[in-house]
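The residues making up each chain are set out below.
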Amino acid sequence: MRKILFLLSLALPLAAQDGGQLYGLYCSACHGADGKGATGGQFPPLAGSPWPMGNPDRGIKIVLHGLHQPVEVNGKTYNLEMPPQGAALPDDQIAAILTHVRSSWGNKAAAVSVDQVKKVRAATMQRKEHWTAAELLKQHPLENAKPALANLISHHYKGSFTSMPDFSKLKPDAVEEEPSGLIDYSSYAKTDHFAMTWEGDLETPGGKHEFYLDSDDGSRLWVDGKVVAEIKTLGPVGRTVKKGVDLKAGTHKIRLEYFEFTANEGLSVGVKFAKQRSILWLSKEKGSSAVKTWPEIMLKPSADRPIIYRNFIQGTTARGIGVGFPGGINIAYSADHLSAELLWTGDFIDAGHHWTDRGVGYEPPASKKVFALSKVGAFSFASESTTAWPATSEIPVRFRGYQLSPEGNPTFLVDAAKARVLDGYEAVTHPGPAMLRTLRVEGKPTQTISLLVYEGNLQTKQPDRFSAEGLSVTVTGGQFRYSNNTVVLDLTAAQSQLRYNW
Ligand code: HEC
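These notes cover the structure that comes with them.

Calculation rules
- Residues numbered from 1 in each chain as written.
- Predicted model: local features only at pLDDT ≥ 70, side-chain atom pairs only at ≥ 80, totals over all residues.
- Heavy atoms only, no water.
- Helix = DSSP H or I, 4+ residues; strand = E, 2+ residues; numbered from the N terminus.
- Buried < 20%, exposed > 50% of the residue type's maximum accessible area, 1.4 Å probe, protein only.
- Contact = heavy atoms within 4.5 Å.
- Areas by Shrake-Rupley, 256 points an atom, 1.4 Å probe, with all protein chains shown as cover.
- Near = heavy atom within 4 Å.
- Polar contact = N/O pair within 3.5 Å; in protein donor to acceptor, adjacent residues only side chain to side chain.
- Nonpolar A, V, L, I, M, F, W, Y, C, P; charged D, E, K, R; others polar.
- Pairing = 2+ DSSP bridges.
- Donors = N, O, S within 2.8 Å, 3.2 Å for Na, K, Ca; no water.
- Tetrahedral: all angles 85-135°; square planar, octahedral: opposite > 155°, others 65-115°.
- Phe/Tyr/Trp six-rings, centres within 6.5 Å; stacked < 30°, edge-to-face > 60°.
- Core = buried A, V, L, I, M, F, W, Y, C linked by side-chain atoms within 4.5 Å.
- Arc of directions from axis to C-beta.
- Axes fitted to C-alpha atoms, helices over the stretch in contact; angles between N-to-C directions.

**Looking at the overall build of the protein chain**
Counting its secondary structure elements, the protein chain contains nine helices and 34 strands. Each of the 502 residues in the protein chain was classed as buried or not, and the buried ones make up 49%. Across the protein chain, every contact between residues at least 6 apart in sequence was considered, and the portion connecting residues at least 24 apart equals 63%. Here the protein chain has roughly 24,000 Å² of accessible surface; of this, 54% comes from carbon and sulfur atoms.

**A word on the site of the ligand**
By nearness alone, 26 residues border the ligand, and Cys27, Cys30, His31, Pro45 and Met82 come closest of all. Within the backbone of Pro45, one N or O atom sits 2.6 Å away from an oxygen atom of the ligand. Within the backbone of Gln69, an N or O atom sits 2.6 Å from an oxygen atom of the ligand. For the shell around the ligand, the secondary-structure elements that each account for two or more residues are helix 3 (28-31), helix 5 (56-65), strand 1 (67-68), strand 2 (71-73) and strand 4 (81-82). Taken together, the residues that form the shell around the ligand break down as 19 nonpolar, six polar and one charged.

**A look at the pairing of strand 11 (residues 226-231)**
Two faces make up the sheet, and in a regular strand the side chains alternate between them. Strand direction decides the pairing type here: strand 10 (residues 219-223) and strand 11, joined by five bridges, are antiparallel. Each residue of the ladder has a partner; that of Val223, found in strand 11, is Lys226. Hairpin remark: strand 10 followed by strand 11, antiparallel, with two residues in the connecting loop; positive phi at Asp224, about 50°.

**Some remarks on the coordination of the iron atom of the ligand**
Protein coordination at the iron atom of the ligand: the donors are His31 (NE2) and Met82 (SD), at 2.0 to 2.1 Å from the metal. Taken together, the six donor atoms surrounding the iron atom of the ligand define angles of 88 to 178° at the centre, an arrangement classified as octahedral. With His31 in helix 3 and Met82 in strand 4, this residue pair connects regions lying 51 residues apart in the sequence. A single burial state applies to His31 and to Met82, both of which are buried.

**Some remarks on unusual backbone geometry**
Residue Asp217 is bonded to the preceding Asp216 through a cis peptide linkage, with omega at 5°. Summarising the element assignment, Asp217 is placed in the loop between strand 9 (207-216) and strand 10. Even without being a glycine, Asp224 presents a positive backbone phi close to 50°. Take Asp224: it is sitting in the loop between strand 10 and strand 11. One non-glycine residue, Ala417, lies in the positive phi region at around 45°. Its location among the elements puts Ala417 in the loop between strand 25 (410-416) and strand 26 (419-428). With a relative accessible area of 4%, Ala417 lands in the buried category.

**So, the packing of aromatic side chains**
A full pass over the atoms with the stated rule returns 12 aromatic pairs. With centroids separated by 5.7 Å and ring planes inclined at 70°, the aromatic side chains of Phe412 and Tyr425 adopt a geometry described as edge-to-face. Of this pair, Phe412 sits in strand 25 while Tyr425 sits in strand 26; the two residues are 13 residues apart in sequence, bridging distant segments of the chain. Residues Phe412 and Tyr425 agree in their burial class; the two are buried.

**Considerations on the nonpolar core**
Membership of the largest hydrophobic core comes to 37 residues, with the highest contact counts inside it found for Ile331, Val453, Phe466, Phe480 and Leu498. Each residue touching Phe466, except ones within four places of it in the same chain, is listed here: Val453, Tyr454, Leu458, Thr460, Lys461, Leu471, Ser472, Val473, Phe480, Tyr482 and Val487. Formed by 28 residues, the second largest nonpolar core is a distinct cluster that contains Ala148, Tyr185, Phe194 and Val245.

**Description of the sheet that holds strand 4**
One open sheet accounts for three strands, arranged 4-1-5; its pairing is mixed. Edge strands, defined here as strands with exactly one partner in the open sheet, are strand 4 and strand 5 (131-132). Where strand 1 and strand 4 come together, two bridges link them in antiparallel fashion. Looking at strand 4, one finds that Leu67 is bridged to Met82.

**Here we look at helix 2 (residues 19-26)**
Among the residues of helix 2, Gly19, Leu22 and Tyr23 are the ones counted as buried. Down the axis of helix 2, the smallest arc covering the buried residues is 105°, so these residues share one side. What points out from helix 2, more than 90 degrees from its buried face, is the exposed set Gln21 and Leu25. Buried residues along helix 2 sit against helix 3 and helix 6 (91-101). The backbone nitrogen of Gly20 lies 2.9 Å from a side-chain oxygen of the residue at the head of helix 2, namely Asp18.

**Quick word on the sheet that holds strand 8 (residues 194-204)**
The sheet built from six strands is open, its strands ordered 7-6-8-13-10-11 with antiparallel pairing. A strand with exactly one partner marks an edge of an open sheet, and here the two such strands are strand 7 (174-177) and strand 11. Pairs of neighbouring strands in the sheet enclose a mean axial angle of 15°, with direction left out of account. In this sheet, strand 13 (residues 250-260) lies alongside strand 8 in antiparallel orientation, the contact comprising 11 bridges. Looking across to strand 13, one finds that Gly200 is bridged to Ile254.

**A short note on the pairing of strand 27 (residues 434-442)**
Two strands pair when backbone bridges link them, and strand 26 and strand 27 are joined in this way by nine bridges, in the antiparallel orientation. Following the sheet pairing, Asp423 is matched in strand 27 by Leu439. Linkage of strand 26 to strand 27, two consecutive antiparallel strands, is achieved through a turn of five residues. Direction of pairing for strand 27 relative to strand 34 (residues 496-501): antiparallel, over a ladder of six bridges. Residue pairing for strand 34: Leu439 is matched across the bridge by Ser496.

**Here's the deal with the environment of Lys208**
Along the polypeptide, Lys208 turns up in strand 9. Separated by 35 residues in the primary sequence, Lys208 and Lys243 have C-alpha atoms spaced 9.8 Å apart. The contacts of Lys208, once residues within four sequence positions are left out, are Gly244, Val245, Asp246 and Ala274.

Here's what the structure looks like:
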C-alpha cells in the first residue's frame, strides 16, 4: 500500500503543489479563507463568482497581471485594485491555486494545467498594466454559471396599454423559453406599445427577503401567486418599490408583468436575500436606485442659481441635461427628444455614481416625486391633420445647445424648418412648485412648428389648459389642440408660455 502511494506521488510531481496552502499564502488575505471576500465582503468573493470559472484564461490573466476598475461579482460592483502576482508565482503554483479555487466552496470547474498558464503567460508577456473587467469580458465572456430564474418563460402581447392589462383576456403573439434565466424585454422592444409577462422558478434560502422593482412604464411582481410589488402608472424608472417577503427555503414561483406605452423603456427586478448585502438581479437591467455602491455626492443648486448636470439620467435619453433650480424644482431635458422629459421636486441628483463609477449606467433623480412630462420628441410641424405627428424626417430638427440667462436659467436652442426655437425654463416657487416654459420662434420658419406638449391620458381639455393625473398645464400666447391622447401647441404667437403645475 505505502509503496503504491509513493509511486503515485512521484508520477505527479507538479500537481503535488498544494493549491489550498498556496491559496492561503497568496490570495486569502483579500479573498478570505472561505472564498467569500475578506473583511466582511469588502473584497470580492471567489466562492460562487463566475470570474475564475469557465474558461481558465480569465483567471490566469487576473492572477498574472492584476485587475483594476469596476468589476461586478454576484450582483455587486467593486472598484478596487488587485496587485499582479505573475512575478511572484511560477506557472505550476498559479495552476494549483486556480485549480483549488475552481473546486472549493461549492465551485465546480475543471483543473487548470501548467501548460495553460504557460501559454497565457507567453501570450501576454508584453502586458504591463492591470486588466480591466471590461477588457476581460470582451476576450472571455462569462459563462453564465447558473440562471437566476429556472424554467423561465415569457409571453409577449401587442397593444396600447396605459395600465396593466388583464392578461387572461389577451392572446400572446409570442411565447418563448428564456434559457438566460434573466427577465429581458430587449429582444421585443423594437417598438412601443406592448406588454410582457415572465414566469420562472426562484430558489431561495429561508428568511425575510427584500424584493426590488422598478420600471418604465408599469410592472407587477408576483411571488407564489401573490402580488408583492407594483408600479401602476405610466412613468420613468427611478420609482423603485422595495418590499420585504417572508419565504421558506426552497423553490418559489415568480411572475412578472410589464407594460410599455411609448418612448423609453426600463425594467429591473431583484432580490436581496435575508442577511445578504448584495442584490441578485432577476432582470438583465439592474436598478441603480435600489443599491448604491458609490458614495453619495448630492448636487445642489446655490440659493439663487440653477445648477446644470450633464450625464446619464435615468428616465430620459443618453443626452440628458439635468437642471436643478433653487427651491428644489428640477427638470431633465433630453437633447435627443428636444424637450424637458422629467419634472421633479426635492433633491436634484446624486452625482456620486458617475463621479466615482466612471459613468456606468444611469442615475435616477434623487427624489421620488418625479413626473414624466413628454414621452415623445417635442417639436414637429403642423400638417393638415390635427396632430403634428410624427415629425417629418425631411425637415431636420436639431439640438443646438443652450444659453443661460443672467440668473442662470437655461434656454435650449433647437433649429427647425430654417428657424430657431428658443425653449426657456424657469422655476416658480411661489406659488409653486411650478415650471414656466417660454417658447419663441426666431426667423421665418418654412412651416408652422408645433410642440407636442403631452401624450397620455387626459382628465380635462380646454383651449388654454389641460390636466392629466398629477399634472396641469396652462398656456398664454397660443391654444392647445387635442387629438386622442396628445396635446399640441402651434408656435405661431410671438411668444407662448406654458405653466406646468404638478
Ligand atoms: C491584495 C489583495 C488581493 C490579493 C492578494 C488577491 N486578490 Fe484577487 N482581487 C482583489 C481585488 C481588490 C479584486 C477586484 C479588483 C477590481 O475591483 O477591479 C480582485 C479580483 C479577483 C478576481 C475577479 C473577481 C472575483 O471576485 O472573482 C479573481 C478571480 C481573483 N481576484 C483571484 C485571485 C487569486 C486566485 C488570488 C491569489 C493568487 C488573488 N486574487 C489575490 C484583491 C486581491
